[in-house]
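Overview (structure and organization)
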Amino acid sequence: MTTAQPQELDVQPTPLALLLLGRDADPRSERGVECPGDLPSPSDPDLVARARAAKEKLGEKVFILGHHYQRDEVIQFADVTGDSFKLARDAAARPEAEYIVFCGVHFMAESADILTGDDQKVVLPDLAAGCSMADMATAEQVAECWDVLTDAGIAERVVPVSYMNSSADIKAFTGRHGGTICTSSNAERALEWAFAQGEQVLFLPDQHLGRNTAVRDLGMSLDDCVVYNPHKPGGGLTAEQLRGAKMILWRGHCSVHGRFSLESVEDVRARVPGVNVLVHPECRHDVVAAADYVGSTEYIIKALEAAPAGSKWAIGTELNLVRRLANRFAPEGKEIVFLDRSVCFCSTMNRIDLPHLVWTLESLASGTLVNRIEVDRETEAFAKLALERMLALP
């Protein structure tokens, strides 16, 4: 009996490798907040034992959530894994846990705080683990956008739909203005609901998910969509353009999924004959149009679970997950490769590493609360309203 060896994906590091591996910072897209205190050395051979001991000491007081894009060294300590909304709901279902340690990014921890009880404390192991997409839409920018829509005479007929990958402030704005939140799994249902409430949609903050859902799933044309650029006066659009659009897309994107290109798809088809191309809907529209399958992180996992032995797949999503899936399904004879040849980790997600997790768990075990993520009551109330509208979607 032989043991299947872990697959090595055909990936070539780029000059940005340190950033993408979370070993450096990008001041343009990250919050730049470091953890207080001394972190254990990454070379400490006892890190795994220390994490295990601290977790055992905390017992049921701690519940660790691990997003699919986390490193394997962190995922091994997660009580549950999943996408951002699933994890927030899992946290809400564990009211006995005093500490919710969210191994993900800032907006995810905010969502967990919104959905969990007042007596529960949500902790993010590294406060620098932000999300470049979520940071592309600030509360001030969105408020200014709404003023522009008001001046154009269309605010009353516009319904905001905000992606889960947004800050609590943006979720609260959405709740205040009669809108809903969506995930990459239910974006189509959310848009159908929104168009039943109004004539136009302001989609925040990922233009690609909004465009792909509108065109691919709802049958709109690209001409039905305009892109609002918060860095230009009036969003870079005329009042006439705003009035004529069905989808007003915020100029935001995922730094990981936005890297995939049509050339990536063409290249992998040439390298791997018979390959199935499966991508996340945060990818650019031309990439989605050229793919064989499109779906959320959970969809990608389920598609590979159901795939026949011997099938070949090129996956367009974060590299940690793709590597994990390649190793998981190698014994079943499924060949899984990364869609692009370049390293494509989520740089901020990768800031949560084993030293940060050990520091967090040992601090909590010693009675010291660190890196708590707390959403104020008013923001929480309106954000929860928007989330509840999503949960009520048919």
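A few points about the overall build of the protein chain
Across its full length, the protein chain carries 16 helices and 14 strands. Taken over C-alpha atoms, the radius of gyration comes to 21 Å for the protein chain, in line with the 21 Å a tight globule of 394 residues would show. In terms of overall dimensions, the protein chain has a C-alpha envelope of 65 × 55 × 40 Å along the principal axes. Per-residue burial over the protein chain gives 58% buried out of 394 residues. Element-wise, carbon and sulfur atoms account for 48% of the exposed surface of the protein chain, whose accessible area totals about 16400 Å². When the 39 basic and 57 acidic side-chain charges of the protein chain are each reduced to a single mean position, those positions are 2 Å apart.

Considerations on the nonpolar core
Core analysis: the biggest nonpolar cluster contains 109 residues, and Val101, Phe203, Met247, Val279, Ile336 and Leu361 have the highest contact counts within it. The element best represented in this core is helix 15 (residues 354-365), accounting for 7 residues. Apart from residues no more than four positions distant in its own chain, methionine 247 is found in contact with Leu191, Phe195, Val201, Phe203, Gly210, Ala214, Met220, Asp224, Cys225 and Val226. Among the nonpolar cores identified, the runner-up in size contains 21 residues, and Trp146, Ala152, Leu202 and Leu242 belong to it.

A look at helix 7 (residues 168-176)
Where burial is concerned, most of helix 7 is hidden: 7 out of the 9 residues are buried. Taken residue by residue, helix 7 has Ala168, Ile170, Lys171, Ala172, Phe173, Thr174 and Gly175 as its buried positions. Glycine 178 occupies a position one or two residues after helix 7 and carries a positive phi of about 75°.

Some words on the confidence of the model for the protein chain
When pLDDT is averaged along the protein chain, the result is 89, and 90% of the positions lie at 70 or above. Every residue in residues 1-6 is under pLDDT 50, and counting partners more than four places away or in other chains gives 2 contacts.

Here's the deal with the pairing of strand 12 (residues 312-316)
Counting buried residues in strand 12 gives 4 out of 5 residues, a clear majority hidden from the surface. Pairing analysis gives 4 bridges linking strand 10 (residues 276-279) to strand 12, with the strands arranged parallel. Along strand 12, the bridge assignment pairs valine 279 with glycine 316. Pairing geometry for strand 12 and strand 13 (residues 335-338), over 4 bridges, is parallel. If you follow alanine 314 over to strand 13, its bridge partner there is valine 337. Crossover strand 12 to strand 13 through helix 14 (residues 319-329) is right-handed.

Description of the environment of glutamine 141
Turning to its location among the elements, glutamine 141 is positioned in helix 6 (residues 139-151). Between the C-alpha atoms of glutamine 141 and proline 230, which are 89 residues apart in sequence, the distance is 6.2 Å. In contact with glutamine 141, not counting residues within four places along its chain, are Met136, Pro230, His231 and Trp250. There is a polar contact of 3.1 Å between the side chain of glutamine 141 and the backbone nitrogen of threonine 138.

Thoughts on the packing of helix 2 (residues 47-58) against helix 15
The geometry of helix 2 relative to helix 15 is characterised by a closest axis approach of 9 Å and an angle of 35° between their N-to-C directions. Like other packed secondary-structure pairs, helix 2 and helix 15 cross with a definite hand, here left-handed. For the pair formed by helix 2 and helix 15, the contact residues are Leu47, Val48, Arg50, Ala51, Ala54, Lys55, Lys57 and Leu58 on the first element and Leu354, Pro355, Val358, Leu361, Glu362, Leu364 and Ala365 on the second. Taken together, the residues that form the contact of helix 2 with helix 15 break down as 11 nonpolar, no polar and 4 charged.

Focus: the packing of aromatic side chains
Summed over the entire model, instances satisfying the criterion amount to 4 aromatic pairs. Measuring from centroid to centroid gives 5.3 Å for tyrosine 228 and tryptophan 250, while their planes differ by 25°, and the two rings are stacked. Here the residue tyrosine 228 occupies a position in strand 8 (residues 225-228), and tryptophan 250 occupies one in strand 9 (residues 247-250), the gap between them amounting to 22 residues. Judged on exposure class, the residue tyrosine 228 and its partner tryptophan 250 are both buried.

Here we look at the side chain of serine 264
Along the polypeptide, serine 264 turns up in helix 11 (residues 262-271). Look at serine 264 and you get buried, because its relative accessible area is 4%. Engagement of the side chain of serine 264 in a polar contact is seen with the side chain of aspartate 340, the distance being 2.8 Å. Non-local contacts of serine 264, meaning those with residues more than four positions away in its chain, are made with Leu339 and Asp340.

Topic: the state of the cysteines
For the coordinates displayed, the defined rule picks out 0 disulfides. As a non-bridged cysteine, cysteine 145 has cysteine 225 as the owner of its nearest cysteine sulfur, 15 Å distant. Judged by relative accessible area, which is 0%, cysteine 145 ranks as buried.

Some details on the sheet that holds strand 7 (residues 200-204)
The strand order across the open sheet built from 5 strands is 6-5-7-9-8, with neighbouring strands paired in parallel fashion. Looking at which strands have only one partner, the edges of the open sheet turn out to be strand 6 (180-182) and strand 8. Across the sheet, the axes of successive neighbouring strands diverge by a mean angle of 25°, strand direction being ignored. In the sheet, strand 5 (residues 158-163) pairs with strand 7 via 5 bridges, with the strands oriented parallel. Its bridge partner lying in strand 7, serine 162 is registered against leucine 204. Sitting on the sheet, helix 8 (residues 187-197) touches strand 5, strand 6, strand 7 and strand 9, and the angle it makes with strand 5 is about 165°.

Looking at the sheet that holds strand 14 (residues 372-373)
Reading across from one edge, 2-1-3-4-14 is the order of the 5 strands in this open sheet, with mixed pairing throughout. Each edge of the sheet is formed by a strand with only one pairing partner; in this case those strands are strand 2 (80-82) and strand 14. The pairing of strand 4 (residues 121-123) with strand 14 spans 2 bridges and is antiparallel. Looking at the pairing, valine 122 lines up with isoleucine 373 of strand 14. Helix 15 contacts strand 1 (62-67), strand 3 (99-103) and strand 4 of the sheet and is inclined by roughly 175° relative to strand 3.

About the cut-offs
- Residues numbered from 1 in each chain as written.
- Predicted model: local features only at pLDDT ≥ 70, side-chain atom pairs only at ≥ 80, totals over all residues.
- Heavy atoms only, no water.
- Helix = DSSP H or I, 4+ residues; strand = E, 2+ residues; numbered from the N terminus.
- Rg over C-alpha atoms; globule rule 2.2 N^0.38 Å.
- Buried < 20%, exposed > 50% of the residue type's maximum accessible area, 1.4 Å probe, protein only.
- Areas by Shrake-Rupley, 256 points an atom, 1.4 Å probe, with all protein chains shown as cover.
- Lys, Arg positive; Asp, Glu negative; His and termini not counted.
- Charge placed at Lys NZ, Arg CZ, Asp CG, Glu CD.
- Core = buried A, V, L, I, M, F, W, Y, C linked by side-chain atoms within 4.5 Å.
- Contact = heavy atoms within 4.5 Å.
- pLDDT = per-residue confidence, 0-100.
- Pairing = 2+ DSSP bridges.
- Right-handed = clockwise from strand over helix to strand, strands pointing away.
- Polar contact = N/O pair within 3.5 Å; in protein donor to acceptor, adjacent residues only side chain to side chain.
- Axes fitted to C-alpha atoms, helices over the stretch in contact; angles between N-to-C directions.
- Left-handed = near helix turned anticlockwise from the far one by under 90°.
- Nonpolar A, V, L, I, M, F, W, Y, C, P; charged D, E, K, R; others polar.
- Phe/Tyr/Trp six-rings, centres within 6.5 Å; stacked < 30°, edge-to-face > 60°.
- Disulfide = S-S within 2.5 Å.

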